[in-house]
Amino acid sequence: MGKINTYLSIGLLQVKINFLEKQTKYKRHEKNLSYYFYSICMYIYFAKEINRTFYGLTFHTSYKIVRWHLEKEKHNVLEEDQSIVMYDNVRIGGFNFDNATLSFYNDLWKSVVYSSGHINKDQAIDKFNTIKNALTLKYDMYVLKEDTDIIIFEDDRTGIILYWEYGESRGGKMFYYVTLSYYDKNLSDKQFQKEQDEL
């Protein structure tokens, strides 16, 4: 009987040890999950928002201030249908473009579109892919759509569209265009809704 009690005690002790080991592993696993969840939350919190400041001004700035600021910075600007078009010194993120068009809605700066035309298709595609890779490196968590000729990024306030296409210039010549657009979602949505209401 003494031997049976000893074996039972040893068996119960082993069960208790196994239980404690499993409980410790579970707590360690639980801590790891908590750490990973915390890391993901911090990554999301500190992730870079999409840029919405250009030429020292942010979207939602009034037309007059944008126009005055660009002229003060010695940009050669032209006005076209509530837009400002620049044909010189058009550079962003290390990339040169032929022109930039700043568009407005209700007198507030809504978007900026950079465009360049290329005679050579391979040059246009190379430029597109280089810019695409740079944007993806910076804003990979905001990719909304991606294809061979277009990529779209959006966060809560700002969007980016980068694409290439073959099209006709104002002078009637055909070029491969690379276009990079940054836009304010709120103002773009309001303009789109207003245009839909006109139908």
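Rules and cut-offs
- Residues numbered from 1 in each chain as written.
- Predicted model: local features only at pLDDT ≥ 70, side-chain atom pairs only at ≥ 80, totals over all residues.
- Heavy atoms only, no water.
- Phe/Tyr/Trp six-rings, centres within 6.5 Å; stacked < 30°, edge-to-face > 60°.
- Helix = DSSP H or I, 4+ residues; strand = E, 2+ residues; numbered from the N terminus.
- Buried < 20%, exposed > 50% of the residue type's maximum accessible area, 1.4 Å probe, protein only.
- Lys, Arg positive; Asp, Glu negative; His and termini not counted.
- Salt bridge = Lys/Arg side-chain N within 4 Å of Asp/Glu carboxyl O.
- Polar contact = N/O pair within 3.5 Å; in protein donor to acceptor, adjacent residues only side chain to side chain.
- Contact = heavy atoms within 4.5 Å.
- Core = buried A, V, L, I, M, F, W, Y, C linked by side-chain atoms within 4.5 Å.

Draft legend 1. Representation of the packing of aromatic side chains in the model. Going through the model one piece at a time under the given rule, you end up with ten aromatic pairs. On the basis of an interplanar angle of 80 degrees and a centroid distance of 5.1 Å, the ring pair of Phe 59 and Trp 109 is categorised as edge-to-face. Residue Phe 59 is located in the loop between β2 (57-58) and α2 (63-72), and its partner Trp 109 is located in strand β8 (residues 108-118); the two are separated by 50 residues in the primary sequence. For Phe 59, a relative accessible area of 3% gives the class buried. The exposure class of Trp 109 is buried, given its relative accessible area of 0%. An angle of 65 degrees between the planes, with centres 6.4 Å apart, marks the rings of Tyr 139 and Phe 153 as edge-to-face. Placement of Tyr 139 in helix α3 (residues 121-139) and of Phe 153 in strand β10 (residues 150-154) is noted, with a sequence separation of 14 residues between them. Each member of the pair, Tyr 139 together with Phe 153, is buried. An aromatic cluster is present here, built from Phe 54, Phe 59, Trp 109 and Tyr 182 joined pairwise through their rings.

Draft legend 2. Inspection of unusual backbone geometry at higher detail. Here the phi dihedral of His 60 falls at roughly 85 degrees; this positive angle occurs in a residue that is not glycine. With respect to the helices, strands and loops of the structure, His 60 is situated in the loop between β2 and α2. A residue is classified by how much of its surface remains accessible, and His 60, at 35% relative accessible area, is partly exposed.

Draft legend 3. Spotlight on the side chain of Asp 155. As for its placement among the helices and strands, Asp 155 is situated in the loop between β10 and β11 (158-168). Notably, Asp 155 is buried but unbridged: the nearest opposite-charge side chain belongs to Arg 157, and the N-O separation is 5.8 Å. A distance of 2.7 Å separates a polar atom in the side chain of Asp 155 from the backbone nitrogen of Thr 158. Those residues in contact with Asp 155, other than ones at most four positions away along the chain, are Glu 49, Ile 50, Tyr 142 and Lys 185.

Draft legend 4. Region of the structure containing the pattern of salt bridges. Summed over the entire model, instances satisfying the criterion amount to five salt bridges. Measuring nitrogen to oxygen at the nearest pair gives 2.6 Å for the salt bridge that ties Asp 184 to Arg 52. Taken together, the positions of Asp 184 in strand β12 (residues 174-184) and Arg 52 in the loop between α1 (2-46) and β1 (53-54) put the pair 132 residues apart, joining distant regions of the chain. Here Glu 146 and Lys 132 are joined by a salt bridge, their closest N and O atoms 3.2 Å apart. Highlighted residues: Glu 146 in strand β9 (residues 143-146) and Lys 132 in helix α3, separated in sequence by 14 residues. You can call Lys 132 buried: its relative accessible area is 12%.

Draft legend 5. Highlighting the nonpolar core. Grouped together as the largest cluster of nonpolar side chains are 36 residues, with contacts concentrated most on Tyr 114, Leu 180 and Tyr 182. Among the elements of the structure, α2, β4 (83-86), β7 (99-105), β8, α3, β10, β11 and β12 are those that each provide at least two residues to this core. The residues touching Tyr 182, leaving out its near neighbours within four places in the chain, are Ile 50, Asn 51, Phe 54, Phe 59, Ile 92, Lys 110, Ser 111, Val 112, Tyr 114, Leu 135, Gly 159 and Ile 160.

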